[in-house]
Amino acid sequence: MTSGPAKTSKASGAELAGFYDRIGDHNLAPLWEVIHKLVARTPVTKAVPHLWRYEALRPYLIESGSLITAKEAERRVLVLENPALRGLSQVVDTLYAGLQLILPGEVAPAHRHTPSALRFIIEGTQAFTAVDGEKTYMDPGDFVITPNWAWHDHGHEGDAPMIWLDGLDLPIVHFLAATFAETYGDDQFPTNTPPGYTLARYGNNMRPVTDKYDQLVSPIFSYPYTRTREALALMEKTQDWDPAFGLKMEFLNPLSGAPAMPTMSTFMQLLPKGFTSMPYQATEHAVYSVVEGSGRVAVGEGEAATVLAWGPKDHFAIPGWCKHRLEADEEAVLFSFSDQVVQQKLGLWRERRGQG
Ligand code: 1HN
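Let us look at the structure shown here. (Residues numbered from 1 in each chain as written. Predicted model: local features only at pLDDT ≥ 70, side-chain atom pairs only at ≥ 80, totals over all residues. Heavy atoms only, no water.)

### As for the environment of Trp-241
Working step 1: In this fold, Trp-241 is placed in the loop between α7 (225–236) and β13 (247–250).
Working step 2: Look at Trp-241 and you get partly exposed, because its relative accessible area is 24%.
Working step 3: Note: C-alpha distance between Trp-241 and Phe-275 (34 residues apart in sequence) is 9.3 Å.
Working step 4: The contacts of Trp-241, once residues within four sequence positions are left out, are Glu-236, Gly-246, Leu-247, Leu-270, Pro-272 and Phe-275. (Helix = DSSP H or I, 4+ residues; strand = E, 2+ residues; numbered from the N terminus. Buried < 20%, exposed > 50% of the residue type's maximum accessible area, 1.4 Å probe, protein only. Contact = heavy atoms within 4.5 Å.)

Below, the structure written as structure tokens:
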């Protein structure tokens, strides 16, 4: 039985119900029945914390390679669907994630769209993504950007399966009802610059003096793991660990100093062996990809905590405002992406460290 409206000091439940019926005929509704649901005291997320073990999902991804070609599929991807958001292609409330397979000799044809995409390479070598005609060959641990509305296609010149994580801001762009796409017509957008051109141009702490600062997205679309890892290895020597993060670095747009992408924040994080973080919570919704090492994330508190045990190539989702602790059994490196940059631009982002 559905309970009708409770009585107020002025009217009975029946009077209110009659009133709601009458205004309902005019597409009107009483805010006072829903205001506390609309604006709760703490952020409410639909998604739940979840771990996708690579070992368990990899066979299905490989099997998908025998069922459909990359070209037929346009993108051959198994979507990481949050268990609480099945059917919506959402890994957390605001983000999409999937694991993409490309086999030797295959192409994923050129297209462009308003959502922005990132790739984080999980296994394989000698596949490339081409962004607006510049090829980038990808290796495990590399972080690659496809800016919104940039032509992009993928190809594979190696001899073993290549798998990467795709992260997109699709739910955000969908919310704004601003999602649209175009196919190029040919498999590949014509190449016009040598591989590595953009990294040479913008990735050496210099910029061409004629370039503007106000580009929304980083002109560097490949951040190679060799460079990232080397930086972490050197900084690690100081043992300057943040109690919540260990050593957590954010990928930036070198022209503006802003986050590398306008809609998704991207991070690489090193946790020393034996590290246990302080409890931490933030309003951002985040997805992690384990590069090296193993450990756990305990989400929630005490007996009710969900403990997710991760190892290399595993992925896990931590929805906003979930209090969590990260633990590393051995030195670990985690890539992650979140909607922090969007929340910060809108003045919404909050964090809380420790028990408080
Ligand atoms: C897309 O264009 C790619 O280019 C991957 O590899 C995943 C998911 C939804 C919409 C477009 C890609 C995507 C996608």
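### Details of unusual backbone geometry
Most peptide bonds take the trans configuration, and most residues that are not glycine carry a negative phi.
Working step 1: We note that Glu-74 has phi near 70°; this positive angle belongs to a residue other than glycine.
Working step 2: If you trace the backbone, Glu-74 turns up in the loop between α4 (70–73) and β2 (77–79).
Working step 3: Its identity is not glycine, yet Trp-321 carries a phi of approximately 65°, on the positive side.
Working step 4: For Trp-321, the position within the fold is in the loop between β19 (315–318) and β20 (324–328).
Working step 5: We classify Trp-321 as buried; its relative accessible area is 17%.

### Focus: the packing of aromatic side chains
Two numbers describe a pair of aromatic rings. These are the distance of the centres and the angle of the planes.
Working step 1: The full count for this structure, using the stated rule, is 16 aromatic pairs.
Working step 2: Residues Phe-143 and Phe-251 carry aromatic rings whose centres are separated by 4.7 Å and whose planes lie at 50° to one another, so their mutual orientation is tilted. Highlighted residues: Phe-143 in strand β8 (residues 143–146) and Phe-251 in the loop between β13 and β14 (265–271), separated in sequence by 108 residues. For the pair Phe-143 and Phe-251, one class covers both residues: buried.
Working step 3: A centroid spacing of 5.0 Å and a plane angle of 65° characterise the contact between Phe-245 and Tyr-280, whose relative ring orientation is edge-to-face. On the criterion of sequence distance, the pair formed by Phe-245 in the loop between α7 and β13 and Tyr-280 in strand β15 (residues 280–282) is long-range, its members being 35 residues apart.
Working step 4: The exposure class of Phe-245 is buried, given its relative accessible area of 18%.
Working step 5: One aromatic cluster is present, formed by Phe-120, Phe-143, Tyr-223, Phe-251 and Phe-335 through successive ring pairs.
Working step 6: Lys-135 extends its terminal NZ or CZ atom over the ring of Phe-128, reaching a point 4.2 Å from the ring centre.
Working step 7: Above the ring of Phe-267, the side-chain terminus of Lys-248 is found at 4.4 Å from the ring centroid. (Phe/Tyr/Trp six-rings, centres within 6.5 Å; stacked < 30°, edge-to-face > 60°. Lys NZ or Arg CZ within 6 Å of the ring centre and 35° of its normal.)

### Regarding the sheet that holds strand β5 (residues 117–123)
Working step 1: Taken together, six strands build an open sheet; the order of strands is β2-β3-β10-β5-β8-β12 and the sheet is antiparallel. Taken across any chain shown, the strands that pair with only one partner, and hence form the sheet edges, are β2 and β12 (222–223).
Working step 2: Where β5 lies against β8, four bridges are found, and the strand directions are antiparallel. Paired with Ala-117 across the strands is Thr-146, a residue of β8.
Working step 3: The sheet contacts of helix α3 (residues 54–67) involve β2, β3 (96–102), β5 and β10 (162–168), and relative to β3 the element is tilted by about 55°. (Pairing = 2+ DSSP bridges. Axes fitted to C-alpha atoms, helices over the stretch in contact; angles between N-to-C directions.)

### Description of the site of the ligand
Working step 1: Inspection of the region around the ligand gives Arg-75, Tyr-96, Gln-100, His-111, His-113, Arg-119, His-152, His-154, Asp-166, Leu-168 and Leu-170 as its neighbouring residues.
Working step 2: Measuring from an oxygen atom of the ligand, one finds a side-chain N or O atom of Arg-119 at 3.0 Å.
Working step 3: In this structure, an oxygen atom belonging to the ligand sits 2.6 Å away from a side-chain N or O atom of His-154.
Working step 4: In isolation the ligand has 330 Å² of accessible area, and contact with the protein removes 84% of it.
Working step 5: At the level of elements, β3, β4 (107–113), β9 (152–156) and β10 are the ones that each hand at least two residues to the shell around the ligand.
Working step 6: Of the residues assigned to the shell around the ligand, the class counts are three nonpolar, five polar and three charged. (Near = heavy atom within 4 Å. Polar contact = N/O pair within 3.5 Å; in protein donor to acceptor, adjacent residues only side chain to side chain. Areas by Shrake-Rupley, 256 points an atom, 1.4 Å probe, with all protein chains shown as cover. Nonpolar A, V, L, I, M, F, W, Y, C, P; charged D, E, K, R; others polar.)

### Let's talk about α3
Working step 1: With 14 residues, α3 should cover 20 Å at 1.5 Å per step; its first-to-last C-alpha distance of 20 Å lies within 8% of that length.
Working step 2: Residues of α3 that are buried in the fold lie against β1 (50–52), β2, β3, β5 and β10. (Expected span 1.5 Å × (residues − 1).)

### Points about the nonpolar core
Working step 1: Val-91, Leu-99, Phe-143 and Phe-337 are the most contacted members of the largest nonpolar core, which totals 43 residues.
Working step 2: Residues contacting Val-91, with those up to four places away along its chain left out, are Ala-47, Trp-52, Leu-80, Asn-82, Tyr-96, Ala-97, Val-287 and Ala-317.
Working step 3: Core analysis: the second largest hydrophobic core is formed by 17 residues, Leu-51, Val-299, Trp-310 and Ala-332 among them. (Core = buried A, V, L, I, M, F, W, Y, C linked by side-chain atoms within 4.5 Å.)

### Considering the environment of Val-48
Working step 1: Tracing the chain through its elements places Val-48 in the loop between α2 (35–38) and β1.
Working step 2: Relative accessible area serves as the criterion here: at 32%, Val-48 is assigned to the partly exposed category.
Working step 3: In this structure the C-alpha to C-alpha distance between Val-48 and Leu-16, which are 32 residues apart in sequence, comes to 36 Å.
Working step 4: Val-48 has contacts with Asn-82, Pro-83, Ala-84, Ala-317 and Pro-319, leaving out every residue within four places of it along the chain.

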